[in-house]
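Structure assessment
Next come the chains, spelled out residue by residue.
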Amino acid sequence: MPELPEVETVVRALTQPLLGRRISRIEVLHRPSVAGSPWPLQKICGQRFQRLFRRGKFIRMDLDGGAGMAVHLRMTGWLGVTDAHAPADPHTRVRFLLDDGREVLVFRDIRTFGRIWCGRTGDLEALTALAKLGPEPLEIAADAFAERLLSRRGRLKSLLLNQEFLAGVGNIYADEALFAASLHPLGNALRLKVEQARKLHAAIQKILRAAIDAGGSSVVNYRRPDGERGWFQRELAVYGREGLPCVRCGAAIRRIVVGQRGTWFCPKCQKKR
């Protein structure tokens, strides 16, 4: 699933081609892709894009008159602006024809888990998945993060994946941040020292920013809006590297399952305490 760096990459790439553009026609080719939307998508026909931004793993779009859209790519969703007359892709689920008639904002989704919602901004923010999101990891201060972390009981990896605890971090970047901070994924948050919590905060921010600069990680299906792969996967220290030598100490990277998610770590650099 695209995480914060991948979603941020999509938002930045789509801002220039969409801002100020008007939606002239909407084609919903797969009804489940818009299930649960407060408004039918046709209600935003004729509206202009006023702002694009990210909240956690959600792409948000503000439109005219207090309306907006929220998009979650889930496992295999892709969003991009393409030639309106290009051959149809069999995995296209929703099309937004833009005002010049020559370009279209396309939502493709192979596994059809992704969703698009539209409605008044307040209604979108009240959607359960959005309303419960925790603070943004690139915005929360180190002291606030440490206080939040040290007051929780639970495994570190599970906490980082909990979107109510912190919005936007997923499997890849949780593993990478824990490695950078030399913390075991099964470690208990209550047993950390303040210095360790601050070190984890710094690791999360550093890795997320580096991944954004690299256009995200194309580990499986993710592609940027221009169709190109991100390249941060070349920088991964532990994720997906079971049996390979640790880049820091040379020990073999191990894989375990935490909360039904594959988890990679170095048993020597990340000792459980």
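Going by the structure above, here's the rest.
So, here's what we can say about the structure. Keep in mind it's a predicted model, so treat the numbers as computed, not measured. (Residues numbered from 1 in each chain as written. Predicted model: local features only at pLDDT ≥ 70, side-chain atom pairs only at ≥ 80, totals over all residues. Heavy atoms only, no water.)

1. Quick look at the overall build of the protein chain
Secondary structure assignment for the protein chain yields seven helices and 10 strands. For 273 residues, the compact-globule estimate of 2.2 N^0.38 gives 19 Å, and the protein chain sits close to it at 20 Å. Along the first, second and third principal axes, the C-alpha set of the protein chain runs to 60 × 35 × 30 Å. Relative to its full complement of 273 residues, the protein chain shows a buried share of 53%. (Helix = DSSP H or I, 4+ residues; strand = E, 2+ residues; numbered from the N terminus. Rg over C-alpha atoms; globule rule 2.2 N^0.38 Å. Buried < 20%, exposed > 50% of the residue type's maximum accessible area, 1.4 Å probe, protein only.)

2. Examining unusual backbone geometry
Note on backbone geometry: most residues besides glycine have negative phi, and most peptide bonds are trans. The backbone phi angle of Thr 112 is positive, close to 60°, even though this residue is not glycine. Considering the arrangement of structural elements, one finds Thr 112 in the loop between β7 (103-109) and β8 (115-120). According to the relative accessible area criterion, Thr 112 is partly exposed, its value standing at 23%. Positive phi, close to 70°, is recorded for Gln 260, a residue that is not glycine. Along the chain, Gln 260 falls in the loop between β9 (254-258) and β10 (261-265). By relative accessible area, which is 77% here, Gln 260 ends up exposed.

3. Some remarks on the packing of helix α6 (residues 171-180) against helix α7 (residues 194-213)
The contact between α6 and α7 brings their axes to 8 Å, and the two run at 130°. Taken as axis vectors, α6 and α7 run oblique relative to one another. As for how α6 packs across α7, the hand of that crossing is right-handed. From α6, Tyr 173, Glu 176, Ala 177, Leu 178 and Ala 180 reach across to α7, where they touch Lys 199, Leu 200, Ala 203, Ile 204, Ile 207, Leu 208 and Ala 211. Taken together, the residues of the contact of α6 with α7 break down into 10 nonpolar, no polar and two charged. (Axes fitted to C-alpha atoms, helices over the stretch in contact; angles between N-to-C directions. Parallel < 35°, antiparallel > 145°, perpendicular 65-115°, else oblique. Left-handed = near helix turned anticlockwise from the far one by under 90°. Contact = heavy atoms within 4.5 Å. Nonpolar A, V, L, I, M, F, W, Y, C, P; charged D, E, K, R; others polar.)

4. Some details on the pairing of β7
The buried fraction of β7 amounts to five of the seven residues, a majority that puts the element mostly inside the structure. Pairing geometry for strand β5 (residues 77-83) and β7, over seven bridges, is antiparallel. Within the sheet, the bridge partner assigned to Val 81 lies in β7 and is Leu 105. The sheet contact formed by strand β6 (residues 92-98) and β7 spans five bridges and is antiparallel. Across the sheet, the residue bridging to Phe 96 is Leu 105, located in β7. A loop of four residues connects β6 with β7, the two strands running antiparallel in sequence, and Gly 101 in this loop sits at a positive phi of about 75°. (Pairing = 2+ DSSP bridges.)

5. Considering the pattern of salt bridges
Applying the stated criterion across every chain yields a total of 16 salt bridges. Between Arg 48 and Asp 99 there is a salt bridge, and its shortest N-O distance comes to 3.7 Å. In this pair, Arg 48 sits in the loop between β1 (23-28) and β2 (49-55) while Asp 99 sits in the loop between β6 and β7, placing the two residues 51 residues apart along the sequence. Measuring nitrogen to oxygen at the nearest pair gives 2.8 Å for the salt bridge that ties Lys 157 to Asp 175. (Salt bridge = Lys/Arg side-chain N within 4 Å of Asp/Glu carboxyl O.)

6. Re a nonpolar patch on the surface
Residues Met 1, Met 75 and Phe 113 make up a contiguous nonpolar surface patch of about 260 Å² in total accessible area. Since its relative accessible area comes to 35%, Met 75 is described here as partly exposed. (Patch = residues over 30% accessible without salt bridge, like charges linked within 9 Å, V, L, I, M, F, W, Y side chains within 5 Å. Areas by Shrake-Rupley, 256 points an atom, 1.4 Å probe, with all protein chains shown as cover.)

7. Comments concerning the side chain of Ser 217
Counting through the fold element by element, Ser 217 comes out in the loop between α7 and β9. Taking the relative accessible area as the measure of exposure, Ser 217 reaches 4% and is therefore buried. Of the polar contacts made by the side chain of Ser 217, one reaches the side chain of Tyr 173; its length is 2.8 Å. If we ignore the near neighbours within four places in the chain, the residues touching Ser 217 are Glu 6, Ile 172, Tyr 173, Tyr 222, Phe 232, Gln 233 and Leu 236. (Polar contact = N/O pair within 3.5 Å; in protein donor to acceptor, adjacent residues only side chain to side chain.)

8. Structural notes on the pairing of β8
Burial analysis of β8 places five of its six residues in the buried class, which makes it a mostly covered element. As paired strands, strand β4 (residues 67-72) and β8 are joined by six bridges and run antiparallel to one another. Looking at β8, one finds that Val 71 is bridged to Ile 116.

9. What to know about the sheet that holds strand β3 (residues 58-63)
Note on sheets: strands pair through backbone hydrogen bonds, and any given pair is parallel or antiparallel. Strands sit in the order β2-β3-β4-β8 across an open sheet of four strands; the sheet is antiparallel. Because the sheet does not close on itself, it has two edges, and the strands there are β2 and β8. Across the sheet, the axes of successive neighbouring strands diverge by a mean angle of 20°, strand direction being ignored. As paired elements, β2 and β3 share six bridges and run antiparallel to each other. Residue pairing in the sheet places Arg 51 in a bridge with Asp 62 of β3.

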